[in-house]
Amino acid sequence: MKIETMKISELKPAEKNIRIHGFTQLKEFERSVRMFGQIRPVVVDENNVILCGNGLYETMKNMEIENIDVYRVEGLNSNQKKKLMISDNKIYALGVDDLNTFDAFINELRDDLDIPGYDDEMLRSLVADAEEITDIISEYGTLDEEEINSIKVNSEKKDKSMNEELTPNNRPVRDEKNTEVCVERTEPIGENSEMETAELLPITEQRRFVVCTKCGEKIWL
């Protein structure tokens with residue numbers, strides 16, 4: 001491929017262009033040219049009409065650069081030129097980023113994130129997020145001293161609460177094989193008592209009974 005250098009004033013933009021270049025893209029084009037120079041040629045036909053690279057041409061013209069590198073394509077008919085303009089834009093758009101490689105490059109660049117086409121603050125946030133995730137993963141499954149003490153306190157409270165539930169009025173009764181059969185409770189003797197002799201006793205008196213956990217029957221002691 002033969003590249004030639006010519007005066008930028010000699011080039012002719014196409015009457016109709018497939019790609020519309022907005023302010024943001026032209027600004028990033030300029031960042032790229034200032035950082036790297038012209039890294040690809042503008043494609044022109046035999047009449048110096050631009051087929052590919054209108055955005056680069058417009059950028060360099062605005063920067064008042066006098067000379068530009070071009071690649072000349074000759075012998076194409078009108079339809080072929082249109083197809084070239086269409087395909088050049090579409091083929092590039094079909095590519096996708098390898099995100100793993102992208103993230104690796106960004107992490108390797110660290111604080112040097114002045115990259116044309118990207119907002120450096122956005123890239124810095126990606127690096128920060130990656131570091132935060134790494135810290136979270138490294139700490140996963142570990143407990144600090146405060147968390148350990150909190151677990152101990154909660155465990156002690158739970159044990160105390162369970163012991164308080166087994167009061168003298170609600171303690172288990174075990175059989176000879178030491179298996180829990182009934183629950184021992186007390187109940188006031190009075191109008192609501194199931195005993196036939198309840199009306200003969202003061203209402204403040206209490207009688208002890210056990211409740212069978214199998215059948216639910218009260219057994220008075």
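Located above this text is the structure these notes cover.
Note that the coordinates shown come from a computational prediction; the quantities given were computed from them, not determined experimentally. (Residues numbered from 1 in each chain as written. Predicted model: local features only at pLDDT ≥ 70, side-chain atom pairs only at ≥ 80, totals over all residues. Heavy atoms only, no water.)

**Side note on a nonpolar patch on the surface**
What counts, and what does not: For patch detection, residues must exceed 30% relative accessible area and be free of salt bridges, and they are connected within 9 Å for like charges or within 5 Å for nonpolar side chains (Val, Leu, Ile, Met, Phe, Trp, Tyr). Where accessible areas are quoted, they stem from the Shrake-Rupley method and a 1.4 Å probe; at the residue level, only the protein chains shown are allowed to cover. Between Lys or Arg on one side and Asp or Glu on the other, a salt bridge is scored when a side-chain nitrogen of the former is within 4 Å of a carboxyl oxygen of the latter. Note on conventions: DSSP H or I runs of at least 4 residues are helices, E runs of at least 2 residues are strands, and numbering of each starts at the N terminus.
On the surface, Met35, Phe36 and Ile39 cluster together into a nonpolar patch covering about 310 Å² of accessible area. For Phe36, the position within the fold is in helix H1 (residues 23-36).

**What about the pattern of salt bridges?**
Keep this limit in mind: When a residue's accessible area, from a 1.4 Å probe over protein chains only, is under 20% of the maximum for its type it is buried; when over 50% it is exposed; and in between it is partly exposed.
Taken as a whole and judged by the stated rule, the model has 7 salt bridges. With a shortest N-O distance of 2.8 Å, Arg31 and Glu28 are connected by a salt bridge. With Arg31 and Glu28 both in helix H1 and 3 residues apart, the pair spans about one turn of that helix. For Glu28, a relative accessible area of 17% corresponds to the buried category.

**Quick notes on the nonpolar core**
Rule in force here: Buried Ala, Val, Leu, Ile, Met, Phe, Trp, Tyr and Cys residues that are joined via side-chain atoms within 4.5 Å together make up what is termed a nonpolar core. Any two residues whose heavy atoms approach within 4.5 Å at even a single point are treated as in contact.
By size, the foremost hydrophobic cluster in this structure holds 13 residues, and its most contacted members are Leu11, Val42, Val44, Ile50, Met60, Ile68 and Val70. For this core, the secondary-structure elements that each account for two or more residues are strand S2 (42-44), helix H2 (54-62) and strand S4 (67-72). Excluding anything up to four places from it in sequence, Val70 contacts Lys2, Ile3, Glu4, Met6, Leu11, Pro41, Val42 and Val44. Counting 6 residues, the second-largest nonpolar core is a separate cluster that includes Ala14, Leu51, Val73 and Met85.

**A few points about helix H4 (residues 99-109)**
Our working rule: A 3.5 Å cut-off defines polar contacts: any pair of N or O atoms within that distance qualifies, except that in protein one atom must be a possible hydrogen donor and the other a possible acceptor, and neighbouring residues in sequence count only when both atoms are side-chain atoms.
For H4, the N-terminal cap is Asp98; the gap from its side-chain oxygen to the backbone nitrogen of Asn100 is 3.2 Å. Directly after H4, the chain includes Arg110, whose backbone phi takes a positive value near 55 degrees.

**Side note on the packing of H1 against H2**
The following threshold applies: Between N-to-C directions, angles cover 0 to 180 degrees, with each direction set by a line fitted to C-alpha atoms, over the stretch in contact for helices. Here is the rule for angles: anything less than 35 degrees is roughly parallel, anything more than 145 is roughly antiparallel, 65 through 115 is roughly perpendicular, and the remaining ranges are oblique. Under this grouping Gly is polar, as are all residues other than the nonpolar Ala, Val, Leu, Ile, Met, Phe, Trp, Tyr, Cys and Pro and the charged Asp, Glu, Lys and Arg.
In contact at an axis separation of 9 Å, H1 and H2 are set at 70 degrees when each is read in the N-to-C sense. When the interaxial angle is binned, H1 and H2 end up roughly perpendicular. In this structure, H1 contributes Leu26, Phe29, Glu30 and Val33 to the contact, and H2 contributes Gly55, Leu56, Glu58, Thr59 and Met60. The residue makeup of the contact of H1 with H2, split by class, is 5 nonpolar, 2 polar and 2 charged.

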